[in-house]
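# Geometric and topological summary
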Amino acid sequence: MSEDKTMPFFQNEFTSSKRIIHTPSVFAKSALLYLQEAGELSAMRPHISARSQLPSYLFFTVTAGKGRLDYLGHEYELTTGDSVFIDCRVGYAQSTSEHRNSDGEFDELWSLSWIHFDGGMMEAIYGKYKERGGKPVFQCADFIRYQELIEKILEIAASDSYVCDMQIAEKITQLLTYLMED
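Our next topic: the overall build of the protein. Helix and strand content of the protein: four helices and 11 strands. Residues classed as buried in the protein amount to 48% of the 182 residues present. Carbon and sulfur atoms make up 50% of the accessible area of the protein, which totals about 9400 Å².

What follows is the structure in structure tokens.
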């Protein structure tokens, strides 16, 4: 369980976010789907975030604005309501829109809700997701349920519950169920 259970607010010149970095128990890492990080972000200026060889799976939903994902040699244009589910062991880059309005202000900067997670069975689960036609980017029927689920995961991760890792695993399983349904 994480020692620091606060949900810090981060801001720099590019983003404003609240997130929690979760340190799962040894038991959770060996036996459960477990949380690594979750949060919400709003872009303040155009920027690019790129990662590769990260032992994690990422799910995020665009809650406002527009952006782009570069993944496995494809560029995906993203807009409000789009969701992303990817294997972060593969390199990827995500960037918010750089569109300017007539006053020269950036007007389509995005906001995201996200979760990084992993677990011993995730490679097989992600393989099943792709086998069933799951795509890295999709428009879901009800992206609000994803947002609510991420908010619940943030709440649990910030709690002092001694069954926190079990509750998080349950919510990640619910997320994966939603992904398979969509």
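Another point: the packing of helix α2 (residues 122-131) against helix α4 (residues 164-181). Helix-helix packing: each pair is described by the crossing angle between the helix axes and the interaxial distance. As a packed pair, α2 and α4 sit with axes 10 Å apart at the nearest point and diverge in direction by 20°. Taken as axis vectors, α2 and α4 run roughly parallel relative to one another. Residues M122, I125, K128 and Y129 of α2 form the contact with α4, whose own contacting residues are L176, L179 and M180.

Here we take up a nonpolar patch on the surface. There is a patch of nonpolar side chains on the surface, built from F27, Y162, V163 and M166 and spanning about 460 Å² of accessible area. The topology assignment puts M166 in helix α4.

With that out of the way, let us pick up the confidence of the model for the protein. A residue-level look at the protein finds 88% of positions with pLDDT of 70 or above and a mean pLDDT of 87. Segment residues 1-6 is flagged for pLDDT under 50; beyond a separation of four residues in sequence, or across chains, it makes 19 contacts in the model.

This paragraph deals with the pairing of strand β7 (residues 74-79). For strand β6 (residues 66-71) and β7, the ladder comprises six bridges, and the chain directions are antiparallel. Residue pairing across strands places R68 opposite E77, the latter belonging to β7. Hairpin connection of β6 to β7: two residues between the antiparallel strands, including L72 at a positive phi of 50°.

The next subject is the packing of aromatic side chains. One pass over the full model with this rule turns up nine aromatic pairs. Centre to centre, the rings of F85 and Y129 are 4.9 Å apart; their planes meet at 75°, and the pair counts as edge-to-face. Residue F85 is located in strand β8 (residues 82-87), and its partner Y129 is located in helix α2; the two are separated by 44 residues in the primary sequence. Just as F85 is buried, Y129 falls in that class too. Summarising the aromatic geometry, the rings of F138 and Y146 are spaced 6.5 Å apart at their centres and angled 65° between planes, so their arrangement reads as edge-to-face. Summarising the burial analysis for this pair, F138 and Y146 share the class buried. Members of the aromatic cluster, each reached through a chain of ring pairs, are Y57, F85, F117, Y126 and Y129. We note R145 situated over the ring of Y146; from NZ or CZ to the ring centre the distance is 5.7 Å. Here the guanidinium or amino end of R145 rests over the ring plane of Y178, the centre of that ring lying 3.9 Å away.

Calculation rules
Residues numbered from 1 in each chain as written. Predicted model: local features only at pLDDT ≥ 70, side-chain atom pairs only at ≥ 80, totals over all residues. Heavy atoms only, no water. Helix = DSSP H or I, 4+ residues; strand = E, 2+ residues; numbered from the N terminus. Buried < 20%, exposed > 50% of the residue type's maximum accessible area, 1.4 Å probe, protein only. Areas by Shrake-Rupley, 256 points an atom, 1.4 Å probe, with all protein chains shown as cover. Axes fitted to C-alpha atoms, helices over the stretch in contact; angles between N-to-C directions. Parallel < 35°, antiparallel > 145°, perpendicular 65-115°, else oblique. Contact = heavy atoms within 4.5 Å. Patch = residues over 30% accessible without salt bridge, like charges linked within 9 Å, V, L, I, M, F, W, Y side chains within 5 Å. Salt bridge = Lys/Arg side-chain N within 4 Å of Asp/Glu carboxyl O. pLDDT = per-residue confidence, 0-100. Pairing = 2+ DSSP bridges. Phe/Tyr/Trp six-rings, centres within 6.5 Å; stacked < 30°, edge-to-face > 60°. Lys NZ or Arg CZ within 6 Å of the ring centre and 35° of its normal.

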